[in-house]
Number of protein chains: 2
Amino acid sequence: MIHNNIYFQIELTARKIRQYGQNVLKQHGIDITIEQWLVLNIINENEAINQISIGEKLVKDKPTISRMVNQLNKKEFIIKTTSATDSRNVELSISKKGEDLIKKLYPIIEEIRLTGLSELSKKETESIESILKKIRNKLSD
Amino acid sequence: MIHNNIYFQIELTARKIRQYGQNVLKQHGIDITIEQWLVLNIINENEAINQISIGEKLVKDKPTISRMVNQLNKKEFIIKTTSATDSRNVELSISKKGEDLIKKLYPIIEEIRLTGLSELSKKETESIESILKKIRNKLSD
DNA sequence: TAAAAATAGTTAGCTAAACAACTATTTTTT
DNA sequence: AAAAAATAGTTGTTTAGCTAACTATTTTTA
């Protein structure tokens, strides 16, 4: 049966995590998706980063990052300018509004993380990390 | 850092699995998505099933199933009729063309499964299953 | 039995993932 | 210096997931 399939369980768990997280953000009245938060957080931690670098960190392709960055820009959480030294690159930085959101979000994101992971022992944490990595490695050979 | 986050790793692994699987299907020249295959397989194993039941098995909502079923119908892999006893329900069954595809797909799907999971020990398999379940349960409280 | 509630399915609108094709620069090669 | 290749980003298309709103039946209940 399908439910015994590990692939299915991984995908299902990923969906549940996203659903749960999105729901908590909604309850707090926050207009951002989990994925957009990941991007915003990276921009906050890396001054003048470009989109390719964000893609490398999140393992996502150029169009996906491009669209998410444009969402964040439209919502005025970030500032997007063209690099003065290489006009192919954009330089992304966080806005005041973005900083405020980040501050508001930190405890909420932490709450989301703790909710799902709080009861995992150190051993279980290490175990799932290594098994997931093993699966990814086999699929990348 | 983001890569140490278990949620991120689960989501990343789910994406890798889908990418890898989709790629193998493409290499075999097969015009179906992984998700559509899951639906097709359930229809193959459950005569006259309706869409709600498929949704329950795959833990997906009505619109998602509706669209996937319509794709399969358009590609003529299934036959979709209205139930004679309750016209709210559809009755889905596999077509000859769908049966042929299923037969062709079984070894390919098995190959995809084996590729990622072959080096997991029985203990690792049980371990990841129980940890993923634990996470899902905590998120559903 | 008539009204209300539940059920099955569809449609619309949004985000994200993946791919291909494209523009516009910058760098490398010859 | 001119041509070719590489790089950064955007746009278009398709599929899937999610929510909300909708139609059309069937079942419940008052």
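Residues numbered from 1 in each chain as written. Chains lettered and ligands numbered in written order. Predicted model: local features only at pLDDT ≥ 70, side-chain atom pairs only at ≥ 80, totals over all residues. Heavy atoms only, no water.

A.B. asks: Requested: an account of the protein's contact with DNA strand D, with residues and values cited.
C.D. replies: The immediate surroundings of DNA strand D are formed by 28 residues, with Gln 19 and Arg 67 of chain A together with Thr 33, Lys 60 and Thr 64 of chain B found nearest. Close to the protein, within 4 Å, the atoms of DNA strand D belong to sugar or phosphate groups at a rate of 65%. Ser 66 of chain A places a side-chain nitrogen or oxygen 2.5 Å from a phosphate oxygen of DNA strand D. Gln 36 of chain B places a side-chain nitrogen or oxygen 3.4 Å from a phosphate oxygen of DNA strand D. (Near = heavy atom within 4 Å. Polar contact = N/O pair within 3.5 Å; in protein donor to acceptor, adjacent residues only side chain to side chain.)

A.B. asks: Would you mind going over helix H2 (residues 34-45) of chain A in detail, with residue names and values included?
C.D. replies: For an α-helix, 3.6 residues make a turn, and residues three or four places apart therefore share a direction. All names here are of chain A. Compared with the 16 Å implied by 1.5 Å per residue over twelve residues, the 17 Å span of H2 between its first and last C-alpha is a close match. Among the twelve residues that make up H2, ten are buried, leaving the element largely enclosed by the rest of the structure. Restricting attention to buried positions, one finds in H2 the residues Ile 34, Glu 35, Gln 36, Trp 37, Leu 38, Val 39, Leu 40, Asn 41, Ile 42 and Ile 43. (Helix = DSSP H or I, 4+ residues; strand = E, 2+ residues; numbered from the N terminus. Expected span 1.5 Å × (residues − 1). Buried < 20%, exposed > 50% of the residue type's maximum accessible area, 1.4 Å probe, protein only.)

A.B. asks: Describe the relation of the copies chain A and chain B, and please don't skip the residues or the numbers.
C.D. replies: Between the two copies, chain A and chain B, the superposition gives an RMSD of 0.0 Å; the rotation angle is 180 degrees and the shift along the axis is 0.0 Å. On this basis, the relationship between the two copies can be described by a two-fold rotation axis. When C-alpha distances to the rotation axis are compared across chain A, the minimum falls at Ile 128 of chain A, with a value of 2.9 Å. When you check the interface residues of chain A against chain B, 100% turn up at the interface there too, and the contact is symmetric in its surfaces. (Least-squares fit on C-alpha atoms with pLDDT ≥ 70 in both. Contact = heavy atoms within 4.5 Å.)

A.B. asks: Describe in detail the environment of Thr 125 of chain B, supporting the description with residues and values.
C.D. replies: Here Thr 125 of chain B lies in helix H6 (residues 122-140). Distance in space between the C-alpha atoms of Thr 125 of chain B and Asn 5 of chain B is 21 Å, their sequence separation being 120 residues. When residues no more than four places from it in sequence are discounted, the contact partners of Thr 125 of chain B are Ile 6 of chain A together with Leu 120 of chain B.

A.B. asks: Residues and numbers for the interface of chain A and chain B, please.
C.D. replies: Between chain A and chain B, the contact holds 45 residues from the first and 45 residues from the second. With both sides pooled, the region where chain A packs onto chain B buries about 4,800 Å², and carbon together with sulfur makes up 69% of that total. Considering only the surface of chain A that becomes buried against chain B, Tyr 7, Arg 136 and Leu 139 of chain A emerge as the three largest contributors, covering 13% of it. Applying the counting criterion to the chain A and chain B interface returns four salt bridges. (Buried area = accessible area lost by both parts, 1.4 Å probe. Salt bridge = Lys/Arg side-chain N within 4 Å of Asp/Glu carboxyl O.)

A.B. asks: Report on the packing of helix H1 (residues 6-27) of chain A against H6 of chain B, specifying residues and quantitative values.
C.D. replies: Their axes nearest at 10 Å, the elements H1 of chain A and H6 of chain B cross at an angle of 25 degrees. The angle between H1 of chain A and H6 of chain B places the two elements in the roughly parallel class. When you trace H1 of chain A past H6 of chain B, the crossing you get is left-handed. Facing H1 of chain A, whose interface residues are Ile 6, Gln 9, Ile 10, Leu 12, Thr 13, Lys 16, Ile 17 and Tyr 20 of chain A, H6 of chain B presents Thr 125, Ile 128, Glu 129, Leu 132, Ile 135, Arg 136, Leu 139 and Ser 140 of chain B. For the contact of H1 of chain A with H6 of chain B, the residue count by class is nine nonpolar, four polar and three charged. (Axes fitted to C-alpha atoms, helices over the stretch in contact; angles between N-to-C directions. Parallel < 35°, antiparallel > 145°, perpendicular 65-115°, else oblique. Left-handed = near helix turned anticlockwise from the far one by under 90°. Nonpolar A, V, L, I, M, F, W, Y, C, P; charged D, E, K, R; others polar.)

Nothing here speaks to function; it is geometry throughout.
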